[in-house]
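Report on the structure
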Amino acid sequence: MKRGIHRIKGSGKTPKEPGESLGEKLARLFEIPADVYGNRPKVTAIGRGEVMIENFKGIMDFQDGMIRINTNNGVIRVTGERLVIREITSEEIIIGGKISNIDYDA
Amino acid sequence: MFLVHLWNYIRGYVIIIVTGRGLERFINICSKRQILLWDIIRKDSESALMKASLRGFRLMRPAAKKSGCRVRIQKKCGLPFCLNRFKKRKGFKIGLLLFASLLVLATSVIWDIEIISPKPELVPQVQNVLETENIGRGSFKRGLDPKKLASRIALDVDGLAWVGVEIKGVKLYVTVKDSIEPPVLIKNNEKFNIVAERDGIITHMEVYAGNTLVKKGDTVKKGQVLVSGRLESKNPDFGTRDVHALGKIIARTWYESSLPVSMVYTQRLKTEKSHDTVYLRIFDQKIKLGGEPPFEMYETQTVDKFLSPFGIRLPIGLTVETSFEIMERQIDLTMDEAISVAIDTAKKDLEARLPDDCVVVDEKIKQVTGDNGTVYIQVVVECEEDIAGLVPVAE
């Protein structure tokens, strides 16, 4: 019973992300997509060979089989074989190679 | 992304090896400072290979210092380094310069002239005008005004309705359209007589205007007035009136040619000896290679050979002038042979002299013996032609 009431209460709302700022709350209220406003990371995977992460803070670890990237939502870990950083700028990072995992491990 | 890489190639980039424990820190600092890095490959636990632009590489030093990494260039790539290599090669530079200047020179010159004309006889006339204007193969396109040239050709060549001059690449096209000749205008207020152009017997007369002074069957002399432009009235009170006489006077005329019969005939024979003189041709210039033929008498025959790869005739080629030695030999002829030779020569001589509009009616060959015993052959040709000649009457 308790579960059902809870569901009714939370319907129509996406679950809150931890550490949501006022600006993001407003953005959600006016239904502005999250990737337009705010500094949440956007992870795009194309096939198996390319992962693009926008809005990242920096790389923490770079190895042949694992790359860890610091973002505002914690650390994203990409594992795979023969990983390379195709391109890195202050806004986005493109990782290439044979990717097997994308983890949010923070 | 391809365009970015092309741009990087044009601007030049370096492949560097970064060694050190703070490799991640190095990459982070670089990305924060807008230094573009790409294709980062981990080599081992301490070093990585990456590519960076030339500008980025220059700004990299503080980042390397902060992270405690060592940066080493492994390879320089891109256009600036490629060109740099050529800087030292003097011959290459000279060749490049030479090529460029030759290309410019070759494209600023007319290589071929094409004259498009409905009548083939107009082509040499147009060529003459081009020659007097000093335009030929090899003349420069600069300073050549197609409109001016077109008007020059239109003025200098008769019977043209329209002339178009066009330069297409290295070719000069001259297009010519012929016009129909206007009929000769006859002004009635001018006074003209019809006068005989040569001696003859009148066989037929068509007088359109004027006072006819002769009649059919009359023998007329050269210069005699046949039709007068002065009309005289029967009544002397009316006076006279001058008109432009017009008409056709067909008369029978004679042409003759006489030749002494020679018993000796000079025969020209080719010997087996020949000599080639070769000329190198560039545009309309001829450069002689080799000497004069070593013969006293010779006939020449010229053959032009042009380089023409893929069917395009280049203005570079050879002209071979072959000279054949000629020997003259005297041959004694019999009387019959001598006469036939003399008749042939006399006929050829006459043919050259006959006017274009005459019709040959009869031909007579006579054999005359002269005072000193030499035999003459006389060929007489009887023709019919228009002998009317218009002569203005002086006041």
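Quick note: structure is the one above.
Everything numeric in this text was worked out from a predicted model, so none of it was measured.

This part covers the overall build of chain B. Within chain B, the secondary structure is distributed over eight helices and 22 strands. Within chain B, the fraction of its 395 residues that count as buried is 31%. Within the structure as shown, chain B displays about 26,100 Å² of accessible surface, and the carbon and sulfur contribution to it stands at 55%.

Before going further, it helps to spend a moment on the packing of helix α6 (residues 122-132) of chain B against helix α7 (residues 146-156) of chain B. Residues and elements named next belong to chain B. Packing of α6 against α7 leaves a shortest axis separation of 10 Å and a crossing angle of 125°. By the angle between their directions, the pair α6 and α7 is classed as oblique. Note on packing geometry: the crossing formed by α6 with α7 is right-handed. Contacts from Val126, Val129 and Leu130 in α6 reach Leu149, Arg152, Ile153 and Asp156 in α7. Class assignment for the residues of the contact of α6 with α7 results in five nonpolar, no polar and two charged.

Within this structure, the stated rule accounts for 18 salt bridges over all chains. For Glu50(A), the salt bridge goes to Arg86(A), with nearest N and O atoms at 3.0 Å. With Glu50(A) in strand β2 (residues 50-54) and Arg86(A) in strand β5 (residues 74-88), the pair connects residues that are 36 residues apart, well separated along the chain. Judged by its relative accessible area of 33%, Arg86(A) falls in the partly exposed class. One salt bridge in this structure joins Arg252(B) and Glu382(B), with 3.0 Å as the shortest N-O distance. Here Arg252(B) is found in strand β15 (residues 246-260), whereas its partner Glu382(B) is found in strand β21 (residues 375-386), with 130 residues between them in sequence. Its relative accessible area of 26% is what places Arg252(B) among the partly exposed residues. Look at the salt bridges and you will find they share partners, linking Lys191(B), Arg230(B) and Asp242(B) into a network.

What follows deals with the sheet that holds strand β19 (residues 316-332) of chain B. Residue and element names in this part refer to chain B. Ordered in space as β17-β16-β19-β18, the four strands form an open sheet in which the pairing is antiparallel. Since the sheet does not close on itself, it has two edges, and those belong to β17 (285-289) and β18 (298-306), each with one partner. The sheet shows a mean angle of 35° between the axes of neighbouring strands, taken without regard to direction. Pairing of β18 with β19 involves nine bridges; the strand directions are antiparallel. Directly across from Lys305, in β19, lies its bridge partner Leu318.

In this section: α7(B). Residues and elements named next belong to chain B. For α7, the complete set of buried residues consists of Leu149, Ala150 and Ile153. Take α7 and look down its axis: the buried residues cluster within an arc of 100°, on one side only. Facing away from the buried side of α7 by more than 90 degrees, the exposed set consists of Lys147, Lys148 and Leu155. Structurally, α7 contributes buried residues whose contacts are with α6, β6 (160-168) and β7 (171-178).

So, on to the interface of chain B and chain A. Counting from both sides, the interface comprises 16 residues of chain B and, opposite them, 15 residues of chain A. Of the roughly 1,400 Å² buried where chain B meets chain A, counting both sides, 56% is carbon and sulfur surface. Interface area lost by chain B to chain A is led by Glu24(B), Ile40(B) and Arg42(B), which between them contribute 35%. On inspection of chain B and its partner chain A, the count reaches zero salt bridges. Applying the counting rule to chain B against chain A returns ten residue pairs in polar contact (both at pLDDT 80 or more). The set of elements that each furnish at least two residues to the side of chain B that touches chain A consists of α2 (23-32) and β2 (37-42) of chain B. A per-class count over the side of chain B that touches chain A returns nine nonpolar, three polar and four charged. The pairing of β5(A) with β2(B) spans four bridges and is antiparallel. Bridging across to β2(B), Glu87(A) finds its partner in Trp38(B).

Parameters at a glance
Residues numbered from 1 in each chain as written. Chains lettered and ligands numbered in written order. Predicted model: local features only at pLDDT ≥ 70, side-chain atom pairs only at ≥ 80, totals over all residues. Heavy atoms only, no water. Helix = DSSP H or I, 4+ residues; strand = E, 2+ residues; numbered from the N terminus. Buried < 20%, exposed > 50% of the residue type's maximum accessible area, 1.4 Å probe, protein only. Areas by Shrake-Rupley, 256 points an atom, 1.4 Å probe, with all protein chains shown as cover. Axes fitted to C-alpha atoms, helices over the stretch in contact; angles between N-to-C directions. Parallel < 35°, antiparallel > 145°, perpendicular 65-115°, else oblique. Left-handed = near helix turned anticlockwise from the far one by under 90°. Contact = heavy atoms within 4.5 Å. Nonpolar A, V, L, I, M, F, W, Y, C, P; charged D, E, K, R; others polar. Salt bridge = Lys/Arg side-chain N within 4 Å of Asp/Glu carboxyl O. Pairing = 2+ DSSP bridges. Arc of directions from axis to C-beta. Buried area = accessible area lost by both parts, 1.4 Å probe. Polar contact = N/O pair within 3.5 Å; in protein donor to acceptor, adjacent residues only side chain to side chain.

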